[in-house]
Amino acid sequence: KTTKTMNFLIIGAGISGLNAAGRLLDMGIESFQVLEARSQAGGRIQNLEGFAEVPLPLGAVTPFTDPAASFQKIPFRPTTVSECAIGQGCTSSNEEEDFFFNYADGTLKDYLDQTFVSRLGNKLQLNTAVERIDYTQSNKVVVTTNTGQQIEADRVLLATPPTTLQNRQIQFIPDLPSSYQQAADGIEVTIGIRAWFEFSEKWYPDYFTIDSIEGDFRDAVLDRGSSKNILTFQAIFGEGQSYLGQSDTQIEDTLLRALDGVFGEPVTTTLLNSKIQNWGNEAFINCALQGNIDESGVLGTPLDGRIFFTGEYVDGDFGEDVVSDLVGNGGGDTGGDTGDEDMEDEEEEDGGVEEEEEDETEDNSFEDEDEMEDTDLDEEDEYEEEDEFEEEEEFDEEDEFDEEEEEDGDFEEEEDEFEDGGIGEEEDEFEDGLEWDEDLEDFEDGDFVFRSSLAEANTSSGASQLGASSLLSVIWNVTFALIVSTVALSSS
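Cut-offs and rules
- Counting restarts for each chain: residues are numbered from 1 in the order of the written sequence.
- Note on the predicted model: pLDDT of at least 70 is required for a residue's local features to be given, and 80 or more for side-chain atom pairs to be given and counted; whole-chain, interface and lining totals, by contrast, use all residues.
- For side-chain calculations, the full set of non-hydrogen atoms in the structure is used, while hydrogens and water are omitted.
- Any two strands between which DSSP finds at least two bridges are classified as paired.
- Starting at the N terminus, helices and strands are each numbered in turn, a helix being any DSSP run of H or I of at least four residues and a strand any DSSP run of E of at least two.
- Axis lines are fitted to C-alpha atoms, over the contacting stretch for helices. Their N-to-C directions set the angle, which ranges from 0 to 180 degrees.
- Contacts are residue-level and defined by heavy atoms, with any inter-residue pair within 4.5 Å sufficient.
- Partly exposed residues are those whose accessible area sits between 20% and 50% of the maximum for their type, while under 20% is buried and over 50% is exposed, using a 1.4 Å probe and protein chains only.
- pLDDT measures how confident the predictor is about each residue, on a scale from 0 to 100.
- Working rule for helices: expected span equals 1.5 Å times residues minus one.
- Summarising the geometry, the arc corresponds to the directions from the helix axis toward the C-beta atoms.
- Here a Phe, Tyr or Trp ring, Trp counted by its six-membered ring, pairs with any other such ring whose centre lies within 6.5 Å, and the pair is stacked when the planes are under 30 degrees apart, edge-to-face when over 60, and tilted otherwise.
- Throughout this description, any angle smaller than 35 degrees is read as roughly parallel, any larger than 145 degrees as roughly antiparallel, any in the 65 to 115 degree range as roughly perpendicular, and the remainder as oblique.
- Should the near helix be turned anticlockwise from the far one by less than a right angle, the crossing is termed left-handed; should it be turned clockwise, right-handed.
- Charged residues are taken to be Asp, Glu, Lys and Arg, nonpolar residues to be Ala, Val, Leu, Ile, Met, Phe, Trp, Tyr, Cys and Pro, and polar residues to be all remaining types, Gly included.
- Put simply, a salt bridge is a Lys or Arg side-chain nitrogen that is within 4 Å of an Asp or Glu carboxyl oxygen.
- Here a polar contact means two N or O atoms within 3.5 Å. Within protein one must be a hydrogen donor candidate and the other an acceptor candidate, and residues neighboring in sequence count only if both atoms are side-chain atoms.

Let us look at the sheet that holds strand β15 (residues 193–199). Strands sit in the order β7-β6-β16-β17-β18-β15-β19 across an open sheet of seven strands; the sheet is mixed. Both outer strands of the open sheet, β7 (89–92) and β19 (271–278), are each paired with one neighbouring strand and no more. On average, each strand axis in the sheet is tilted by 20° relative to the strand beside it, whichever way the strands run. Two elements, β15 and β19, share seven bridges in a ladder whose sense is antiparallel. Counterpart to W196 in the pairing with β19 is K275. This element, helix α6 (residues 248–263), spans β6 (81–85), β7, β15, β16 (207–210), β17 (216–219), β18 (229–235) and β19 of the sheet and lies at about 130° to β19.

Following this line, the structure appears as structure tokens:
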């Protein structure tokens, strides 16, 4: 097993993956890798090689963005457009067909190769299928390929068709959350059929349809400077689904029979070569187009903040906007070549993450401390109110006690009771309160401010009780002296 570490890993070198990689290069970021399961980059944008003197698009024909000046689009503008029916021939149509799928210096695939692939060099790794994405570790995502290679990255961008998730082609550890799986399963996909037929002569209109066939036919080399006669057929969206489950041979027979039913003998007598491309059967792709995007927005949200998704089915941006989110705070390290990294560098990166987490923890503790202080002030007010209420009740009880004792005239018992249960009991209660406060200071999960506030509140309460007890002692002594004097005068 070989292990590589890097900042970013892009899975899939289709149009979205290549576009994202190009954006990273434009930003000066070097620490990344692009993995492609197939033998060529481009995904569904491929060329049909060896069929004509000019390159022919095997898959997608419409660009996601305006190509460079050297790839100026050549409009496909047929001069003969027909609507045909088997056994009835064709009638001219006034419908204008304006398809942009020819380019001055090549195909859309050529544009991708020259604009992106040529810049990536060894950052693009072909014939490498991802089998597992493990995001259990907090500081890295570990990706395992079909060759046993492990790649550790800070963040991963999954730029594959939705069928990758729908067919569970990649194992996620932990499992892909159900919300993500349901969002992926909700994307409608079509298989998409492309066909090419070479004839020894041109006997067909530039563009035409046949009533019993889902799809359309057109001249594949119109205004391309080719000496060959090549007719191409395309069925996408719902049209492509009508060929679901058919083999390439069955699809070819269906199309040739339909052509023969409209045009007759020339079809079989002039046919030289043919090619059928069913994108529904292509490994690691298994579709041609997506009929909708993820309306829930789930796939537009990075999984665990580190695994991102892009493509036309996510947000339709083909890897354009997601790069800014992908880089985020993780884009600080823009230098270094992709490859094996020293463990020392990895530890430094991990340390940086830990320092950020500590800073965040300190900030949160300050916020918690402020909240606790506010809470303690409220608790202190509650303690003071309770103390005042208790003091008032004690004064009321003492007054009632005085009146009853004066009526009974049992001053000696009253004095004894006061000495036995007066200030001494209150002092004991105050001392017990201090002991409870000291126990509180031993709470391991308490906050220093919280403990101090309670200690202050208890101290204030204890002082109030002691002051009230001293005042009562003076009142009792004065009262007792007056009564004794009065009795003495009466006796004399």
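In this chain, I173 is followed by P174 through a cis amide linkage whose omega measures -5°. Considering the arrangement of structural elements, one finds P174 in the loop between β13 (171–173) and α4 (178–185). Even without being a glycine, N286 presents a positive backbone phi close to 60°. Within the secondary structure, N286 is located in the loop between β19 and β20 (289–290). What makes N286 partly exposed here is its relative accessible area of 23%.

In the predicted model, the protein carries a mean pLDDT of 74, and 61% of its residues have values of at least 70. Between residues 63–70, whose pLDDT stays under 50, and residues either more than four places distant or in other chains, the model counts 19 contacts.

For the rest of this paragraph, the subject is helix α1 (residues 15–26). The first and last C-alpha atoms of α1 sit 16 Å apart over 12 residues, in line with the 16 Å expected at 1.5 Å per residue. All of the buried residues along α1 are I15, S16, G17, L18, N19, A20, A21, G22, L24 and L25. Its buried side turned inward, α1 meets β1 (3–11), β2 (32–35), α2 (108–120), β12 (150–158) and α8 (322–327). Just downstream of α1, G28 is the residue with a positive phi angle, here 80°.

Take α4 next. Y180, Q181, A183 and A184 are the residues of α4 that are buried. Seen from one end, α4 has its buried residues packed into an arc of 160°, which puts them on one side. Among the exposed residues of α4, those pointing more than 90 degrees away from its buried face are S178 and Q182. Summarising the contacts, the buried residues of α4 are in contact with α3 (163–166) and β21 (307–309).

Evaluated as defined, the whole model comprises 10 aromatic pairs. Considering the side-chain rings of F199 and Y204, the 6.1 Å spacing of their centres and the 55° angle between planes classify their relative orientation as tilted. The exposure classification of F199 matches that of Y204, with both residues buried. Seen from their ring centres, F233 and Y243 are 6.1 Å apart, and the 80° between their planes marks the pair as edge-to-face. One end of the pair, F233, is in strand β18; the other, Y243, is in the loop between α5 (237–241) and α6, and 10 residues separate them in sequence.

What follows concerns the packing of α1 against α2. Running from N to C, α1 and α2 cross one another at 60°; their axes reach a closest spacing of 10 Å. Compared by their axis directions, α1 and α2 come out oblique. For the crossing formed where α1 meets α2, the hand is left-handed. Across from I15, L18, N19, A21, G22, L25 and D26 in α1, the residues of α2 making contact are L112, F116, V117, R119 and L120. Of the residues contributing to the contact of α1 with α2, the split by class is eight nonpolar, two polar and two charged.

Bringing the pairing of β16 into the picture now. In the case of a regular strand, side chains alternate between the two sheet surfaces. Relative to β16, β6 runs parallel, the two being bridged by four bridges. Bridging from a neighbouring strand, V81 pairs with Y207 of β16. For β16 and β17, the ladder comprises two bridges, and the chain directions are antiparallel. When the bridges of β17 are listed, Y207 appears paired with R218. The loop that links β16 with its antiparallel partner β17 comprises five residues; one of these, G215, has a positive phi angle of about 130°.

Let us now look at the pattern of salt bridges. This model, assessed by the stated rule, comprises 11 salt bridges. Measuring nitrogen to oxygen at the nearest pair gives 2.8 Å for the salt bridge that ties K109 to D113. Within this pair, K109 and its partner D113 are both found in helix α2, separated by four residues, close to a single helical turn. Looking at D113, the relative accessible area reads 25%, which means it is partly exposed. Ionic contacts of the salt-bridge type, sharing partners, join the residues K202, D206 and D219 into one network.

Quick look at the environment of K109 now. Relative accessible area serves as the criterion here: at 5%, K109 is assigned to the buried category. Contacts of K109, omitting those with residues within four sequence positions, involve Q40, A41, I45, Q46 and N47. In terms of polar contacts, K109 uses its side chain to reach the side chain of D113, at 2.8 Å.

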